[in-house]
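Here is how the chains run, residue by residue.
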Amino acid sequence: MRRMRWLKNLFIVLAAIVFAIEEWLWDRLTTLTAWIGRLPILRRLEAWIARLPPYGAMALLAVPAALLFPFKIAALWAMARGYVTLGIVVILAAKLVGTAFVAHLFALCRPQMLRIGWFAALYAWVIRTKTWLYDRIAAMPVYRRTRAVLRHLSERLRRRWQAWSRKQPGA
């Protein structure tokens, strides 16, 4: 029984880490793509996306995955040929670019998709699950200690950066 609880807690921690990384990337990349989206031609495209019907908006979310699939295949081919580092870089870049586009498209398409009953229910479940995971993680002593250490390290790095930047000419 004790081993099961340990495995359950490990799963919760790993799931929370994955959610946290995705959410952190999602937030940053949504901001970046929104900034890019201010270009006039892209504003017109976004207006068109906002007028799509719910299932059309949902289908549009498959476009980034379809566009990036050849790059992922090329990365696997490169790794099979011995260019492992290149393959990993290409896969990571594809993941980053794909996440950026999906995050922005999702932000644009979410209002339409939430009109679909099953999607709205699934979306609510994902949000509840994410909240439950974060609450479970935040209650763990190891999480609180880790956060305290990371805050301390972050503050030290910030102070060192400020001290270094004050010493630089022209700063």
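Further up the page is the structure itself.
None of these values were measured; they are calculated from a predicted model. (Residues numbered from 1 in each chain as written. Predicted model: local features only at pLDDT ≥ 70, side-chain atom pairs only at ≥ 80, totals over all residues. Heavy atoms only, no water.)

Chemist: So, the overall build of the chain: which residues are in play, and what are the values?
Modeler: Along the backbone of the chain there are 7 helices and 0 strands. For the chain, the sequential pattern of α-helices and β-strands runs α-α-α-α-α-α-α. Since a compact globule built from 171 residues should have a radius of gyration of about 16 Å, the 21 Å found for the chain marks it as more spread out than a globular shape. By principal-axis analysis of the C-alpha atoms, the chain measures approximately 60 × 50 × 40 Å. Sorting the 171 residues of the chain into buried and exposed places 23% on the buried side. Excluding contacts between residues fewer than 6 apart, the proportion of contacts in the chain whose partners are at least 24 apart in sequence is 72%. If you sum the accessible surface of the chain, you get close to 12,900 Å²; carbon and sulfur atoms cover 71% of it. For the chain, the separation between the mean place of its 27 positive charges and that of its 6 negative charges on side chains is 5 Å. (Helix = DSSP H or I, 4+ residues; strand = E, 2+ residues; numbered from the N terminus. Rg over C-alpha atoms; globule rule 2.2 N^0.38 Å. Buried < 20%, exposed > 50% of the residue type's maximum accessible area, 1.4 Å probe, protein only. Contact = heavy atoms within 4.5 Å. Areas by Shrake-Rupley, 256 points an atom, 1.4 Å probe, with all protein chains shown as cover. Lys, Arg positive; Asp, Glu negative; His and termini not counted. Charge placed at Lys NZ, Arg CZ, Asp CG, Glu CD.)

Chemist: So, the nonpolar core: which residues are in play, and what are the values?
Modeler: Grouped together as the largest cluster of nonpolar side chains are 13 residues, with contacts concentrated most on Ile49, Leu60, Cys109, Met113 and Phe119. The biggest single contributor to this core is helix H5 (residues 84-113), with 5 residues. With near-sequence residues (within four places) excluded, Ile49 lies in contact with Leu60, Leu105, Leu108, Cys109 and Gln112. (Core = buried A, V, L, I, M, F, W, Y, C linked by side-chain atoms within 4.5 Å.)

Chemist: Please provide a residue-by-residue account of the layout of surface pockets, values included.
Modeler: Any space left empty among the atoms is revealed by the rolling of a water-sized probe across them. Computed from the structure, the largest pocket encloses a volume of approximately 500 Å³. Elements that contribute at least two residues to the lining of the largest pocket include exactly helix H1 (2-36), H5 and helix H6 (117-138). By residue number, the principal contributor to the lining of the largest pocket is H6, which donates 6 residues. (1 Å grid on protein atoms, 1.4 Å probe; cavity = no way out; pocket = protein on both sides within 12 Å on 5 of 7 lines; lining within 4 Å. Points joined across faces, edges and corners; volume = space filled by probe spheres on them.)

Chemist: Break down the packing of helix H2 (residues 40-50) against H5 for me, citing the residues and quoting the values.
Modeler: Relative orientation of the contacting elements H2 and H5 amounts to 35°, with a least axis distance of 9 Å. Of H5, the residues touching H2 (which contributes Glu46, Ile49 and Ala50) are His104, Leu105, Leu108, Cys109 and Gln112. Class assignment for the residues of the contact of H2 with H5 results in 5 nonpolar, 2 polar and 1 charged. (Axes fitted to C-alpha atoms, helices over the stretch in contact; angles between N-to-C directions. Nonpolar A, V, L, I, M, F, W, Y, C, P; charged D, E, K, R; others polar.)

Chemist: Tell me about the environment of Trp118, and name the residues and values.
Modeler: Looking at the element boundaries, Trp118 is found in helix H6. Setting aside its immediate chain neighbours within four residues, Trp118 contacts Tyr55 and Met58. Of the polar contacts made by the side chain of Trp118, one reaches the side chain of Tyr55; its length is 3.0 Å. (Polar contact = N/O pair within 3.5 Å; in protein donor to acceptor, adjacent residues only side chain to side chain.)

Chemist: Go over H6, please, and point to the residues and values.
Modeler: Over its 22 residues, H6 runs 32 Å from end to end, which matches the ideal 32 Å to within 8%, given 1.5 Å per residue. Turning to H6, its buried residues number three or more, namely Phe119, Thr129, Leu133 and Ile137. Each buried residue of H6 lies within a common arc of 90° when the element is viewed along its axis, so the set occupies one face. More than 90 degrees from the buried face of H6, the exposed residues found are Gly117, Arg128 and Asp135. (Expected span 1.5 Å × (residues − 1). Arc of directions from axis to C-beta.)

Chemist: Outline the packing of helix H4 (residues 62-80) against H5, supporting the account with residue identities and numerical values.
Modeler: Two elements in contact, H4 and H5, have axes separated by 8 Å at closest approach and are oriented at 170°. The orientation of H4 relative to H5 falls into the category roughly antiparallel. Only Val84, Leu86, Gly87, Ile88, Val90, Ile91, Ala94, Val97, Gly98, Phe101, Val102 and Leu105 of H5 make contact with H4, whose side of the interface consists of Pro64, Leu68, Phe71, Lys72, Ala75, Leu76, Ala78 and Met79. Taken together, the residues of the contact of H4 with H5 break down into 17 nonpolar, 2 polar and 1 charged. (Parallel < 35°, antiparallel > 145°, perpendicular 65-115°, else oblique.)

Chemist: Could you give me a rundown of the packing of aromatic side chains, with the residues and numbers involved?
Modeler: For the structure on display, the rule yields 5 aromatic pairs. Each ring, one from Phe119 and one from Tyr123, has its centre 6.2 Å from the other, and the planes form 20°; the classification is stacked. Of this pair, Phe119 and Tyr123 both sit in helix H6, separated by 4 residues, roughly a single helical turn. Their ring planes at 35° and their centres at 5.0 Å tell us that Trp161 and Trp164 sit as a pair that is tilted. Of this pair, Trp161 and Trp164 both sit in helix H7 (residues 141-167), 3 residues apart, which is roughly one turn of the helix. For Trp161, a relative accessible area of 55% gives the class exposed. (Phe/Tyr/Trp six-rings, centres within 6.5 Å; stacked < 30°, edge-to-face > 60°.)

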